[in-house]
Amino acid sequence: MSQTSPPGLAPSRQPVLGLPDPGERVPTLAVPTVALYFLTLALFAGEAYGVIAGGWSHWLTVPMGAAVTFLMFSVLHESTHHAISTNTRINDAFGHVSMPFVAAYTIFPMLKFIHIEHHRNTNEPMMVDPDQWTSSGPAWQLPFRWATLDLWYLVYYLRRIRERPLTESVPTVLMFSVVVGVAALLTANGHGADVVWLYLVPQRFGVVLLAWWFDYLPHHGLTMTQRENKYQATRVRVGGESWMTPLFVYQNYHLVHHLHPSVPFYRYVRAWRRNEQAYLDRNAAISTWFGRSLTPNEYRTWRRLTEDLAPAAGHASAQRPVFHPLRVSSIEPLTEDSKVVTFDVPTDLALEYSYIQGQHITLRAIVHGTDLRRSYSIVSPVSANTLRIAVKQIPGGVFSSYVNDELQPGDILDVMSPTGRFQTALDAGARRSYVAVAAGSGITPLMSIMATTLETEPASTFTLIYGNRTTETTMFAAELEAMADERLTIHHVLSGTPGATLPGRITPELVRELAPGGVSAWFLCGPQELVDTLGASIDGTVLTEVFHTEPSQAEITVDIESTVMVSLDGVESTFVLRSSGDTILDAAMQQGLEPPYSCAGGACGTCRAKVLLGKAVMDQNHVLDDAEIATGYVLTCQAHPVTEEVRLDYDA
Ligand code: FES
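Model, not experiment: these values are computed from the prediction.

K.L.:
A description of the environment of T172 should follow, citing residues and the corresponding values.
P.N.:
With respect to the helices, strands and loops of the structure, T172 is situated in helix α7 (residues 166–219). Along the sequence, T172 and I114 sit 58 residues apart, while their C-alpha atoms lie 13 Å from each other. Excluding residues that lie within four positions of it along the chain, T172 makes contacts with Y105, T106, I107, M110 and Y157.

K.L.:
So what's going on with empty space enclosed by the protein? Which residues, and what values?
P.N.:
Rolled over the atoms, a probe as big as a water molecule pinpoints where empty space is left. Within the structure shown, the criterion is met by three cavities of 30 Å³ or more. Considered as a void within the structure, the largest cavity measures approximately 220 Å³ in volume. Lining of the largest cavity is provided by 21 residues; of these, F73, L111, L149, Y153 and L210 occupy positions nearest its centre. Elements with a minimum of two residues in the lining of the largest cavity: α3 (88–103), α4 (108–120), α6 (149–160) and α7. Those elements that place two or more of their residues in the lining of the second largest cavity are α1 (31–54), α2 (58–80) and α7.

K.L.:
I'd like a rundown of the pattern of salt bridges, residues and numbers included.
P.N.:
Tallying each qualifying case throughout the model produces 15 salt bridges. Taking the shortest distance from any N to any O, the salt bridge between R120 and E117 comes out at 3.0 Å. In this pair, R120 and E117 both sit in helix α4, three residues apart, roughly one turn of the helix. On the accessibility criterion, R120 (45% relative accessible area) is partly exposed. Where R647 meets E645, a salt bridge forms, and the shortest distance between an N and an O atom there is 3.4 Å. Judged by its relative accessible area of 37%, E645 falls in the partly exposed class.

K.L.:
Let's hear about the sheet that holds strand β10 (residues 433–439): which residues, and what values?
P.N.:
Taken in spatial order, the five strands make up an open sheet running β12-β11-β10-β13-β14, and their pairing is parallel. The sheet is open, and its two borders are formed by β12 (488–494) and β14 (542–546), each paired with just one other strand. Shown here is a sheet whose adjacent strand axes are inclined to one another by a mean of 10°, direction ignored. Together, β10, β11 (461–468), β12, β13 (521–526) and β14 form the strand contacts of helix α14 (residues 443–456), whose direction differs from that of β11 by roughly 165°.

K.L.:
Tell me about the packing of aromatic side chains, and name the residues and values.
P.N.:
Using the criterion set out here, one finds 28 aromatic pairs in the structure. Consider the rings of Y37 and F38, whose centres lie 5.1 Å apart with planes at 85°: the pair is edge-to-face. On the basis of relative accessibility, which here comes to 48%, the residue F38 falls in the partly exposed class. Taking 6.1 Å as the distance between ring centres and 50° as the angle between the ring planes, the aromatic pair formed by Y434 and F523 counts as tilted. Placement of the pair is Y434 in strand β10 and F523 in strand β13, with a sequence separation of 89 residues. Overall, the relative accessible area of 2% leaves Y434 in the buried class. Accessibility expressed as a relative area gives 1% for F523, which makes it buried. Through pairs of rings, three or more aromatic residues link up here, namely F70, F73, W146, W212, W213, F214, Y216 and F248. Lying across the ring of W133, R145 places its NZ or CZ 4.5 Å from the centre.

K.L.:
Kindly report on the domain arrangement of the protein, identifying the contributing residues and their values.
P.N.:
Splitting the protein by domain gives domain 1 (31–219), domain 2 (317–416), domain 3 (433–546) and domain 4 (561–649). With centres defined by C-alpha atoms, the gap from domain 1 to domain 3 works out at 55 Å.

K.L.:
Outline the sheet that holds strand β16 (residues 571–578), supporting the account with residue identities and numerical values.
P.N.:
Backbone hydrogen bonds are what pair the strands of a sheet, in a parallel or an antiparallel way. Taken in spatial order, the five strands of this open sheet run β16-β15-β21-β17-β19, and their pairing is mixed. Each of the sheet's edge strands pairs with one partner strand only, and the pair in question is β16 and β19 (633–635). Adjacent strand axes in the sheet meet at a mean angle of 35° when their direction is disregarded. For strand β15 (residues 561–568) and β16, the ladder comprises eight bridges, and the chain directions are antiparallel. The residue of β16 that forms the bridge with V564 is F575.

K.L.:
Just give me the short version of the packing of α3 against α4, but keep the residues and values in it.
P.N.:
Taken N-terminus to C-terminus, the directions of α3 and α4 make an angle of 105°; their axes are 9 Å apart at the nearest point. In terms of axis orientation, α3 runs roughly perpendicular to α4. Facing D92, G95, H96 and M99 of α3, the residues of α4 in contact are F108, P109, L111 and K112. Looking at the contact of α3 with α4 residue by residue, the classes come out as four nonpolar, two polar and two charged.

K.L.:
Go over the packing of α3 against α7 with me, naming the residues and quoting the values.
P.N.:
Relative to each other, α3 and α7 sit at 100°, their axes nearing to 8 Å. Overall, the two elements α3 and α7 adopt an arrangement that is roughly perpendicular. Counted together, P100, F101, V102 and A103 of α3 and Y199, Q203 and L210 of α7 form the full contact between these two elements.

K.L.:
Explain the pairing of β10 to me, using residue names and the numbers behind them.
P.N.:
Of all seven residues in β10, six are buried; the element is thus mostly enclosed. Relative to β11, β10 is paired through seven bridges, and the arrangement is parallel. In the sheet register, S433 faces β11, and the bridge partner there is T461. Viewed along the sheet, the connection from β10 through α14 into β11 turns out right-handed. Judged from the five bridges that link them, β10 and β13 form a sheet pairing that is parallel. Its bridge partner being in β13, A436 is matched across the sheet by F523.

K.L.:
Break down the nonpolar core for me, with residues and values.
P.N.:
In terms of nonpolar packing, the biggest core is built from 64 residues, with V238, Y253, W272, I286 and Y299 touching the most fellow members. No other element matches the seven residues that α7 contributes to this core. When sequence neighbours within four positions are dropped, the list of residues in contact with I286 reads R235, V236, V238, W272, L280, R292, S293, L294 and Y299. Judged by nonpolar contacts, the second largest core, of 26 residues, contains L426, M447, M450 and F523.

K.L.:
Lay out the state of the cysteines with the relevant residues and their values.
P.N.:
Summed over the entire model, instances satisfying the criterion amount to zero disulfides. No disulfide involves C525; its sulfur sits 13 Å from the nearest other cysteine sulfur, which is in C599. What makes C525 buried here is its relative accessible area of 1%.

K.L.:
Quick one: what's the story with the environment of G46, residue by residue and with numbers?
P.N.:
Summarising the element assignment, G46 is placed in helix α1. Between the C-alpha atom of G46 and that of M64, which follows or precedes it by 18 residues, the distance is 8.4 Å. Discounting chain neighbours no more than four positions away, the residues touching G46 are W56 and M64.

Conventions adopted
- Residues numbered from 1 in each chain as written.
- Predicted model: local features only at pLDDT ≥ 70, side-chain atom pairs only at ≥ 80, totals over all residues.
- Heavy atoms only, no water.
- Helix = DSSP H or I, 4+ residues; strand = E, 2+ residues; numbered from the N terminus.
- Contact = heavy atoms within 4.5 Å.
- 1 Å grid on protein atoms, 1.4 Å probe; cavity = no way out; pocket = protein on both sides within 12 Å on 5 of 7 lines; lining within 4 Å.
- Points joined across faces, edges and corners; volume = space filled by probe spheres on them.
- Salt bridge = Lys/Arg side-chain N within 4 Å of Asp/Glu carboxyl O.
- Buried < 20%, exposed > 50% of the residue type's maximum accessible area, 1.4 Å probe, protein only.
- Pairing = 2+ DSSP bridges.
- Axes fitted to C-alpha atoms, helices over the stretch in contact; angles between N-to-C directions.
- Phe/Tyr/Trp six-rings, centres within 6.5 Å; stacked < 30°, edge-to-face > 60°.
- Lys NZ or Arg CZ within 6 Å of the ring centre and 35° of its normal.
- Domains from an automatic or database assignment.
- Parallel < 35°, antiparallel > 145°, perpendicular 65-115°, else oblique.
- Nonpolar A, V, L, I, M, F, W, Y, C, P; charged D, E, K, R; others polar.
- Right-handed = clockwise from strand over helix to strand, strands pointing away.
- Core = buried A, V, L, I, M, F, W, Y, C linked by side-chain atoms within 4.5 Å.
- Disulfide = S-S within 2.5 Å.

In structure tokens form, the structure reads like this:
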């Protein structure tokens, strides 16, 4: 079989950087491995009962037996690498007692020798690396090779038997002879069928799984040998961890095993996460669970898209957003009253301006003598990595008029790094049905959300219900038409076009009529009234983003003078503020502080801070969820202190 490097991986036979510390040690006793042994033993007992006494269907007992072989190999494998205990005797004991369930006709030391040869010589020709048997030869041969891996091990061993110590080779030959003899005896006594259905057939399927999942998937197609570049001789297979990891008994992270063989299997993912950056710096071989190779940079993007989107330490989007001056690279007309603006991001700021779907940036400019700032959603998919927004001119809107009428390519604007939580975590293996409802410029975050989701989740679908006045004022009409296919259904609702297919406004009844059943998540984006009305009529996972908020005020039953201490960039400032007075954000700015903010309407989340002591109540909130509020977060542009002392941290 021809072997190729994964696309984007520059083959390197240069010495690579040293091995990072996995941070995982061999325990005194690896309880999960011991538990796995006894559970598998129980599974075998069930299978034996089913075959010998219970008369169970082979459709049940064969998969049970195959699982026994596969799982017992996991225990055997841990024994081989002394990963069950710091005590060598315990490792050897588990090796000996698990061996019969994997390949009864040989002994643990023989298999240990073969497996260590694989580790020393990974990806060498199969006469040197015994596991190359599983990926050598044309594709049609592979299933036969997988089914005969243990027989190939015997051939491999016999070729080296003269070099092996007699204490190993003699018991190996003896065991083989005894097991063959016992099997023949049982057959002669009328138990041949039991031997076949209890052991030989299920064990064959188990060996296929082992060869396929333990050997072929982690190594096939990689050209580097262990000696040349250990980071590219074995791969990790990312994605679908919730089912891949238990199903593969963690061997989807097989690269971690080859780098750190004595790390117990149930610690592979933890070790990978701990040293992820170091592995990526060393150009580790990575593929998605369905086989697409990822360069370290592609992996970083993939991880951003699929990780739990709760802010992670060290991630750019988890840091407090800050302004940088950016140059406008282009301005293009979109509709008669909107434009698309693209910014140049210098290389040294690329990480700070990396974004995920549904995030927005805040622009700041002095317009006609007034310092203004406004938030705009990023419209590009994450894969485009382009900072692009669309600005619709609002009648009488100072900032939107400035962008549409005065801003020119080459101008410099203060642009805040991306922020926002209007997204769900993506999973390349998911098959989901999303529905988005947008009105007017509410389409802007959805352009990125829909494109990124459909790119990342090839089996998912989107339905978009999109309200506008006329076709001419419909933002991204042409782009949406080009995107529409069997995975993206678009319904245009036009309030100013009486003859339209769907005339009028978006209502809960219309949404119920147009949305498919079994919606995985709803995205509602537009004016507050629309979002509130629809949100109240929908069950399930509903994400909202409000574009134009109606001012409202919290009911504050106390009016006290509060001492407010604010921590911003690690610097603490204290001021006095009445409950019935300004918001905490306004008061902080009057003190000369520069807390982050954008919409000042409780809609963007930029001004978020955590209350560490005391209590503050908000006039309105369109961003924070119940869990965030429960942990103390408030939108400071909406927050008023209601206890005598309040401490807030913008950096939390
Ligand atoms: S500034 Fe937007 S929510 Fe406070």
